[in-house]
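Inside the fold
Each chain, letter by letter, is given below.
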Amino acid sequence: MEKRLKQSLGIDVSKLNLSLSLGFLTDKLVKEFNSHPDVPNDMLGYKKLLNWLKKSIDPSVELLVVMEATGVYHQGIAHYLYSHGYGVCVMQSGRVKRYAQSLDQRSKTDALDSRMLSMLGLERTIRLWQPPSKELQQLKALSRERSSLLKDRTMENNRQGAIASSVYSNAKALKRHKNRLKLLNAQIEMIEEEMKGLISKNEVLERKIGFMMSIPGISFISAATVVGETLGFESITNAKQLASYAGYDVVLRESGNFKGKTRISKKGNSHIRAGLHMPSMTCVRCNPTLKQFYNRLKPKKAKPLVALVAVQRKLLILMYTLWKNEEVYDAGFETKKQQKHKALAARDNKLITQLVS
């Protein structure tokens, strides 16, 4: 019997069902796959899956469970399998898509997607998923709710302005719009207070958000939004990955005589980009480091907004750095860094001169 080196369970998650494919990598570097009929995406389906795994896997080889992040629908099975001691990996959709494009696979079905995820687990070294804390999950939910209410408030403001400017304006309709605006403002304020109360109960979270708020132009809501949307940067390992996660990664398309323009991909978390728009406008006025960075880029760009987006990207990475290193923002850091480089260059030049003479 061939020895199994790795085993991986691929789960294609939808709202109602889970499509399953169990893959094995043998000592002859041959991949074998076992499929199972779809199971419901509920506790009954989870138990059926667990019973099948116990009968099918090799207990002497660690099992890796690979699934794609699908909003909230993957959370139930991810937490369930993690609680039973299995290694779970929740992949971002962009990375899964790029891997799928590398395969010679023209069709797309749930069964094929689950097999592709299983194959991904067999071929690649993947970082394991850790369940975020309850506070971070609640913070993300509150941030999303606040974002939704802000959009509703903008629409109500526009409608109210249209009614007030109309020749045939209706006083009763205008009053109803004002009441709705009053309710929305009250709910937004309530959510913000709830976010503050939630963070104040967690000493570590409160301290780390304080480091981010030390940046001139970053408010509590801005810092809490970024932390909530990244779940405390739990799946982020470097600045490049963070930029890609938020959709700030720069892409360029050129082919033959066609010369495209560089732009951000926007294939990432739009809530982070929306949350950093107003803080970036504040930073280019009151933050000495980012103001200098913006003024240097602005003349080189066709539109000032392009330079502002670059500020947002730099601001996000700066927030991540302060969170990770647990440091307070130092406005003179860039100046000190440049002076250090100049001093090192001068020392190297002096050594070269001495060696030549």
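This structure is a prediction, so every number in the text was calculated from the model and none was measured.

**Digging into the overall build of the protein**
When helices and strands are counted, the protein shows 13 helices and nine strands. Relative to its length of 357 residues, the protein is extended, with a C-alpha radius of gyration of 26 Å against a globular reference of 21 Å. Dimensions along the principal axes, computed over C-alpha positions, put the protein at roughly 90 × 70 × 55 Å. For the protein, the share of sequence-separated contacts (at least 6 apart) that also reach a separation of at least 24 residues comes to 62%. Within the structure as shown, the protein displays about 21,500 Å² of accessible surface, and the carbon and sulfur contribution to it stands at 53%. Between the centroid of the 59 positive side chains of the protein and the centroid of its 32 negative side chains there is a distance of 8 Å.

**Let's talk about helix H2 (residues 75–83)**
By the burial criterion, the buried members of H2 are Ile77, Ala78, Tyr80 and Leu81. Within H2, the buried residues cover an arc of 165° as seen down the axis, which keeps them to one side. Lining the buried residues of H2 we find strand E1 (4–13), strand E2 (17–26), helix H1 (43–56), strand E4 (63–68) and strand E5 (87–91).

**Looking at the packing of helix H5 (residues 134–165) against helix H6 (residues 171–200)**
Contact geometry of H5 with H6 gives a least axis separation of 9 Å together with a crossing angle of 160°. When the interaxial angle is binned, H5 and H6 end up roughly antiparallel. Remark: the crossing between H5 and H6 carries left-handed chirality. Looking at the contact of H5 with H6 residue by residue, the classes come out as 15 nonpolar, seven polar and eleven charged.

**Let's talk about the environment of Glu123**
Structurally, Glu123 is set in helix H4 (residues 110–123). Residue classification places Glu123 among the partly exposed residues on the basis of a relative accessible area of 37%. The sequence separation of Glu123 and Ser8 amounts to 115 residues, and the corresponding C-alpha distance is 9.7 Å. Apart from residues lying up to four places away in sequence, Glu123 is in contact with Lys31 and Tyr99. Here Lys31 takes part through its side chain, which lies 3.2 Å from a polar atom of the side chain of Glu123.

**With respect to the side chain of Asn269**
Summarising the element assignment, Asn269 is placed in the loop between strand E9 (263–264) and helix H10 (270–286). Polar side-chain contacts of Asn269 include one of 3.1 Å to the side chain of Glu229. The residues touching Asn269, leaving out its near neighbours within four places in the chain, are Arg144, Glu229, Tyr245, Ala246 and Gly247.

**Some details on the pairing of E1**
In terms of burial, E1 is a largely internal element, eight of the ten residues being buried. Here E1 hands over to E2 after three residues, the two strands then running antiparallel side by side. Two strands pair when backbone bridges link them, and E1 and E4 are joined in this way by five bridges, in the parallel orientation. In the strand pairing of E4, Gly10 is matched with Val66.

**Some remarks on the packing of aromatic side chains**
Going through the model one piece at a time under the given rule, you end up with four aromatic pairs. Centroid distance Tyr82 to Trp129: 5.9 Å. Interplanar angle 85°. Geometry classified as edge-to-face. Taken together, the positions of Tyr82 in helix H2 and Trp129 in the loop between H4 and H5 put the pair 47 residues apart, joining distant regions of the chain. A relative accessible area of 11% means that Trp129 is categorised as buried. Ring centres of Phe233 and Tyr320 lie 5.2 Å apart, and the angle between their planes is 50°; on these two criteria the pair is classed as tilted. Of this pair, Phe233 sits in the loop between helix H8 (220–230) and helix H9 (239–246) while Tyr320 sits in helix H12 (residues 304–325), placing them 87 residues apart in sequence. By the burial criterion, Phe233 is buried, and Tyr320 matches it. Taken together, Phe233, Tyr320 and Trp323 form an aromatic cluster joined through their ring pairs. The aromatic ring of Phe293 is capped on one face by Lys314, whose charged end is 5.0 Å from the ring centroid.

**Re the pairing of strand E3 (residues 31–40)**
Here eight bridges tie E2 to E3, and the two strands are oriented antiparallel to one another. Bridge pairing in E3 links Leu22 to Asn34. Where E2 folds back on E3, the antiparallel hairpin that results is connected by four residues, among which Leu29 adopts a positive phi of roughly 60°.

**Focus on the pattern of salt bridges**
Overall, the coordinates contain eight salt bridges when judged by the stated rule. Of the charged contacts, one joins Arg146 and Glu192 as a salt bridge, the two residues approaching to 2.9 Å between their closest N and O atoms. On the criterion of sequence distance, the pair formed by Arg146 in helix H5 and Glu192 in helix H6 is long-range, its members being 46 residues apart. Taken as a pair, Arg146 and Glu192 share a single burial class, namely buried. Within the structure, one salt-bridge network assembled from shared partners comprises Glu156, Arg159 and Arg180.

About the cut-offs
- Residues numbered from 1 in each chain as written.
- Predicted model: local features only at pLDDT ≥ 70, side-chain atom pairs only at ≥ 80, totals over all residues.
- Heavy atoms only, no water.
- Helix = DSSP H or I, 4+ residues; strand = E, 2+ residues; numbered from the N terminus.
- Rg over C-alpha atoms; globule rule 2.2 N^0.38 Å.
- Contact = heavy atoms within 4.5 Å.
- Areas by Shrake-Rupley, 256 points an atom, 1.4 Å probe, with all protein chains shown as cover.
- Lys, Arg positive; Asp, Glu negative; His and termini not counted.
- Charge placed at Lys NZ, Arg CZ, Asp CG, Glu CD.
- Buried < 20%, exposed > 50% of the residue type's maximum accessible area, 1.4 Å probe, protein only.
- Arc of directions from axis to C-beta.
- Axes fitted to C-alpha atoms, helices over the stretch in contact; angles between N-to-C directions.
- Parallel < 35°, antiparallel > 145°, perpendicular 65-115°, else oblique.
- Left-handed = near helix turned anticlockwise from the far one by under 90°.
- Nonpolar A, V, L, I, M, F, W, Y, C, P; charged D, E, K, R; others polar.
- Polar contact = N/O pair within 3.5 Å; in protein donor to acceptor, adjacent residues only side chain to side chain.
- Pairing = 2+ DSSP bridges.
- Phe/Tyr/Trp six-rings, centres within 6.5 Å; stacked < 30°, edge-to-face > 60°.
- Lys NZ or Arg CZ within 6 Å of the ring centre and 35° of its normal.
- Salt bridge = Lys/Arg side-chain N within 4 Å of Asp/Glu carboxyl O.

Nothing here speaks to function; it is geometry throughout.
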